[in-house]
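In case you want the letters, here they are:
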Amino acid sequence: MSWRRFVGADDAWDSMVTRLGLVTPFQFSAWANFRSTFGWRTLQLVTDDGNCATQLLVKSIGPMRIVWGAGAPLGTTSTSLLVELREAARREVGGSVSYLRVADHRQLHEACVAEFRDAGFARPARLLSSGQTLVRNLSSDHAVLAEAYTSNWSRNLRRGHQREVVAEEWTSPDAARLARLHQDVENLKHSFDADWRRDEGSMRRLLECFGERLIVVRAIDAHGALLAARAAVVCGATGFDFLAATAPEGRRCYASNVALDALLSLLAARGITLYDFGGVDETNNKGVFDFKHGAGGMPYSYVGEFEFVSPRIARSAVSKLVASRLSA
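## Quick word on the overall build of the protein
So, point 1. Of the regular secondary structure elements, the protein holds 12 helices and 13 strands.
So, point 2. Rg of the C-alpha trace for the protein: 20 Å, near the compact-globule value of 20 Å for 328 residues, within the 12% margin.
So, point 3. In terms of its C-alpha atoms, the protein occupies a principal-axis envelope of roughly 60 × 40 × 35 Å.
So, point 4. Within the span of the protein, comprising 328 residues, buried residues form 52% of the whole.
So, point 5. Put simply, 73% of the contacts in the protein that link residues at least 6 apart link residues at least 24 apart.
So, point 6. Accessible area for the protein stands at about 14,500 Å²; split by element, carbon and sulfur atoms hold 49% of it.
So, point 7. Separation of charge centres in the protein, based on 39 positive and 36 negative side chains, amounts to 5 Å.

This is the structure:
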């Protein structure tokens, strides 16, 4: 089996990766189109039988080619197929030094880990994520939906409603206000890096790229002031947590609980049956973990990150340099 470049339109790519069991929004063409704003070019590969595909982002730093696949690969893999993937990527991007890194979002199975190791990949010394997320089932019956909330989470949701916080779908989200909201979070939490999310132009571009796939909810007070926003990307019957920000005043009135409850209810009403909370880190970001767990999230482990460097002697230095430059 061999890999070849995918040459179809965006819609055809999205249909194919959805068929293969999309487990992250980062394999949608919309994400690649958005990241092109930051100098990444897209390399989409598919096997001859169409049973495996991967979307990679490529950037050049002098003679080095960085190849990054968030959520790749999709479909059925094997050791030989992963060997061929690394060779196909190297052949397609060129350069005297090539660095390939993937973050496999398929459910953790030791057989998948063994395939990567046997194919010459290794765990990076510096991981970009914990390899953990939380997932939960959704129901269009709000009483059933709310049964999964912890008592403390439910109490904070009631407090938000008592403070007259109201959440609604934001059908025409304002990129400037969303960016300012994320900047507010960064100012409050110095360990939080809002990166492109604090930039109005980047936020506008994201909204344009994902279009109707991105469902946004906003929480406002009795005077219409924006307190919080939360957004999910929809794929089939699954929603993926994608954006979340709460203003300082929103934190005091539990606006984040009201916003998330409204988003889950809205998705469930549209036939979404599973929600992925978009990654967690219980050790380094326990507050976010507790919030998502309190909303009914149950632990789910990914296969996780692997890297391959050619030539191998450059691995240590290149891996450290690349880790400081990558984001999803």
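## Some details on the environment of Glu249
So, point 1. If you trace the backbone, Glu249 turns up in helix H9 (residues 248–251).
So, point 2. Judged by its relative accessible area of 37%, Glu249 falls in the partly exposed class.
So, point 3. Taking the C-alpha atoms as reference points, Glu249 and Ala228, 21 residues apart in sequence, are found 9.2 Å from one another.
So, point 4. Setting aside anything within four residues of it in sequence, one finds Glu249 in contact with Leu226 and Leu227.

## Here we look at helix H3 (residues 79–93)
So, point 1. With 15 residues, H3 extends 22 Å between its outermost C-alpha atoms, agreeing within 8% with the 21 Å of an ideal straight helix rising 1.5 Å per residue.
So, point 2. Inspection of H3 places Leu81, Leu82, Leu85, Arg86, Ala88, Ala89 and Val93 among the buried residues, and these make up the whole buried set. For H3, the buried positions fall inside an angular range of 165 degrees around the axis, keeping them on one side.
So, point 3. Count one or two residues on from H3 and you reach Gly94, which has phi positive near 70 degrees.

## A look at the packing of aromatic side chains
So, point 1. Across all of its chains, the model carries 16 aromatic pairs by this definition.
So, point 2. Seen from their ring centres, Phe26 and Phe242 are 6.0 Å apart, and the 45 degrees between their planes marks the pair as tilted. Placement of the pair is Phe26 in the loop between helix H1 (10–19) and helix H2 (29–35) and Phe242 in strand E11 (residues 238–246), with a sequence separation of 216 residues.
So, point 3. Here Phe26 falls in the buried class, since its relative accessible area comes to 17%.
So, point 4. Exposure remark for Phe242: the relative accessible area of 13% places this residue in the buried category.
So, point 5. Relative to Trp153, the ring of Tyr149 lies with its centre 4.4 Å away and its plane at 40 degrees, an arrangement referred to as tilted.

## A closer look at the pattern of salt bridges
Side chains that differ in sign of charge can pair as their charged atoms come close.
So, point 1. Summed over the entire model, instances satisfying the criterion amount to 13 salt bridges.
So, point 2. A salt bridge links Glu305 to Arg101; the nearest nitrogen and oxygen atoms lie 2.6 Å apart. On the criterion of sequence distance, the pair formed by Glu305 in strand E13 (residues 298–310) and Arg101 in strand E6 (residues 97–107) is long-range, its members being 204 residues apart. Each of the two residues, Glu305 as well as Arg101, counts as buried.
So, point 3. The salt bridge partner of Asp290 is Lys286, with a shortest N-O separation of 2.9 Å. One end of the pair, Asp290, and the other, Lys286, are both in helix H11 (residues 286–294), 4 residues apart, so they sit about a helical turn from each other.
So, point 4. What you see here is one network of salt bridges that share partners, running through Arg230, Asp241 and Lys292.

## Here's the deal with the packing of helix H6 (residues 151–162) against helix H10 (residues 255–269)
So, point 1. Across the interface, H6 lies against H10 with an axial gap of 8 Å and an inter-helix angle of 100 degrees. One element, H6, and the other, H10, form an angle in the roughly perpendicular class. When H6 is examined against H10, the residues Trp153, Asn156, Leu157, Gly160 and His161 are found in contact with a partner set consisting of Asn257, Val258, Leu260 and Asp261.
So, point 2. Partitioning the contact of H6 with H10 into residue classes produces 4 nonpolar, 4 polar and 1 charged.

## Points about the nonpolar core
Within soluble globular proteins, side chains that are nonpolar generally end up buried alongside one another.
So, point 1. Core analysis: the biggest nonpolar cluster contains 49 residues, and Trp31, Leu206, Phe210, Leu214 and Phe242 have the highest contact counts within it.
So, point 2. Within the second largest apolar cluster, 32 residues are counted, among which are Val258, Ala262, Tyr275 and Phe291.

## Section: the pairing of strand E7 (residues 132–137)
So, point 1. Two elements, E7 and E13, share 4 bridges in a ladder whose sense is antiparallel. Within E13, the residue paired with Val135 across the bridge is Met298.
So, point 2. Relative to strand E12 (residues 274–276), E7 is paired through 3 bridges, and the arrangement is antiparallel. Bridging from a neighbouring strand, Val135 pairs with Asp276 of E12.

Quick notes on the rules
Residues numbered from 1 in each chain as written. Predicted model: local features only at pLDDT ≥ 70, side-chain atom pairs only at ≥ 80, totals over all residues. Heavy atoms only, no water. Helix = DSSP H or I, 4+ residues; strand = E, 2+ residues; numbered from the N terminus. Rg over C-alpha atoms; globule rule 2.2 N^0.38 Å. Buried < 20%, exposed > 50% of the residue type's maximum accessible area, 1.4 Å probe, protein only. Contact = heavy atoms within 4.5 Å. Areas by Shrake-Rupley, 256 points an atom, 1.4 Å probe, with all protein chains shown as cover. Lys, Arg positive; Asp, Glu negative; His and termini not counted. Charge placed at Lys NZ, Arg CZ, Asp CG, Glu CD. Expected span 1.5 Å × (residues − 1). Arc of directions from axis to C-beta. Phe/Tyr/Trp six-rings, centres within 6.5 Å; stacked < 30°, edge-to-face > 60°. Salt bridge = Lys/Arg side-chain N within 4 Å of Asp/Glu carboxyl O. Axes fitted to C-alpha atoms, helices over the stretch in contact; angles between N-to-C directions. Parallel < 35°, antiparallel > 145°, perpendicular 65-115°, else oblique. Nonpolar A, V, L, I, M, F, W, Y, C, P; charged D, E, K, R; others polar. Core = buried A, V, L, I, M, F, W, Y, C linked by side-chain atoms within 4.5 Å. Pairing = 2+ DSSP bridges.

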